[in-house]
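# Reading the structure
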Amino acid sequence: MSIPAVMRAVVLDAPGPPEALQVRELPVPEPRTGHVLIRVTASGLNRSELHTRLGLAEGVTFPRVLGIEATGYVAACPGGEFAEGARVVAMMGGMGRVFDGGYAEYTNVPVAQVTEVRTDLDDAVLGAIPEMLQTAYGSLTVGLDAQPGETLLIRGGTSSIGLATAVLAKQRGMRVLSTTRDLARSDLLTGVGVDHVVLDDGAVAPRVRAILPEGVDRALELVGTPTLPDTLAAVRVHGVACVSGMLSNVWTIPDFYPIAYLPRGVRLAGYGGDASDLPADVLQRFCDDVAAGRATVPRGRTFRLDEIAEAHRLMEDGHAGGKLVVVP
């Protein structure tokens, strides 16, 4: 594969508004042993990158090419772990924070963050999957230990992670309740199999218990700490709530006193995973299911690199309607 000397990439010099994201020409990263140079065909947008742009993320050095995930083709792999031309996905492990990420035409990623996938899915469709699937799958398995036949509440249901979690939960045979702040978006939820749409006006627990008086078995908190007490109040005794997202951009609980904060007998977990939490066979099976029409990818709009500021505005406003993707 012919590798050019320069590439286009989105650079953030310091935290700021969407317009702080600037498209520039940079040298293509030098391939080196232990890494995979990927020719990027699509990158999903994530709240993590919004947090970085807003100055809320830790461990970031600037200037930085953002993007905690990417999909594309192997341009070079000096260690031989992947064949040149193989179709791969990459995510996490410091992408877009510690080292330059996926908002570019090329990205150089540690081998451990890369997974090969054999699929003919469209670039934008595949680009929407990796981090969304990893977080949804990891939340259900590691964070919640969700089992078939159980009930699941998804707080932040119209987010891309919320929609993907609903898809996976229905595949597991779970009964899914999912929240939205706007009932006009109910079709977005029922379209991915949600059984009960719950209006989120700040008091979700009473509505959940009107459907399930004992409470839900499992609850996934994607909005964050401001809504967590209400989410916990919707969970049955010995049920589990897992915090996996911060759509509210609020991360901490001041003066946390567990005995007073947690409802009696309700368990609280957290999930923040890595590429290793998404097994290659799970990724491959999901891509195969999408190709065969057995699963859906909750997608929003696709943008070009030059439209990255518009994409970030849409993500920040909370009106994505599914996973946003940027393509070079």
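Residues numbered from 1 in each chain as written. Predicted model: local features only at pLDDT ≥ 70, side-chain atom pairs only at ≥ 80, totals over all residues. Heavy atoms only, no water.

### Quick look at the side chain of T115
Put simply, the rule is: Secondary structure follows DSSP: runs of H or I at least 4 residues long count as helices, runs of E at least 2 residues long count as strands, and numbering of each begins at the N terminus. Residue contacts are defined here by distance: any two heavy atoms, one from each residue, within 4.5 Å place the two residues in contact.
With respect to the element layout, T115 can be found in strand β8 (residues 114–116). Beyond its immediate stretch of four places on either side in the chain, T115 contacts F82, R87, V88, V89, A280 and L283.

### What to know about the pattern of salt bridges
Using the following cut-off: We count a salt bridge whenever a side-chain nitrogen from Lys or Arg sits within 4 Å of a carboxyl oxygen from Asp or Glu. Three labels apply to residues, based on accessible area from a 1.4 Å probe with only protein chains included: buried if under 20% of the type maximum, exposed if over 50%, partly exposed otherwise in between.
If you walk through the whole model with that rule in mind, you get 16 salt bridges. E69 is the partner of K323 in a salt bridge, and the nearest nitrogen-oxygen pair spans 2.9 Å. With K323 in strand β16 (residues 323–327) and E69 in strand β5 (residues 69–76), this residue pair connects regions lying 254 residues apart in the sequence. For the pair K323 and E69, a shared accessibility class is recorded, and that class is buried. We note a salt bridge from R155 to D200, for which the minimum N-O separation is 2.7 Å. Taken together, the residues R155 in strand β9 (residues 151–155) and D200 in the loop between β11 (196–199) and α6 (205–211) connect sequence positions 45 residues apart. D200 carries the same exposure label as R155, and that label is buried. Through salt bridges with shared partners, one network takes in R155, D200 and D230.

### What to know about the pairing of strand β3 (residues 35–44)
The line we're drawing: Two strands pair if DSSP finds at least two bridges between them.
Counted residue by residue, β3 has 9 buried out of 10 residues, so it is predominantly covered. Two strands pair when backbone bridges link them, and β3 and strand β7 (residues 106–110) are joined in this way by 5 bridges, in the antiparallel orientation. For R39, the partnering residue across the bridge sits in β7 and is Y106. Across 2 bridges, β3 lies against β16 in antiparallel orientation. By the bridge assignment for β16, G44 is matched with V325.

### Some thoughts on the layout of surface pockets
Stated precisely, the cut-off is as follows: Throughout, the protein atoms alone are placed on a 1 Å grid, and a set of points is a cavity if a 1.4 Å probe fits but cannot get out or a pocket if it is open with protein on both sides within 12 Å along at least five of seven lines; lining residues have an atom within 4 Å of a point. Grid points are joined across faces, edges and corners, and a volume is the space filled by probe spheres set on the points. Polarity classes work like this: nonpolar for Ala, Val, Leu, Ile, Met, Phe, Trp, Tyr, Cys and Pro, charged for Asp, Glu, Lys and Arg, and polar for all others, with Gly in that last group.
By volume, the second largest pocket amounts to about 170 Å³. If you trace the second largest pocket, you find it lined by M7, L26, P27, P29, R32, H35, F99, D100, G101, Y106, T107 and N108. Counting residues per element, the lining of the second largest pocket draws most heavily on β7, at 3 residues. Split into classes, the residues belonging to the lining of the second largest pocket amount to 6 nonpolar, 4 polar and 2 charged.

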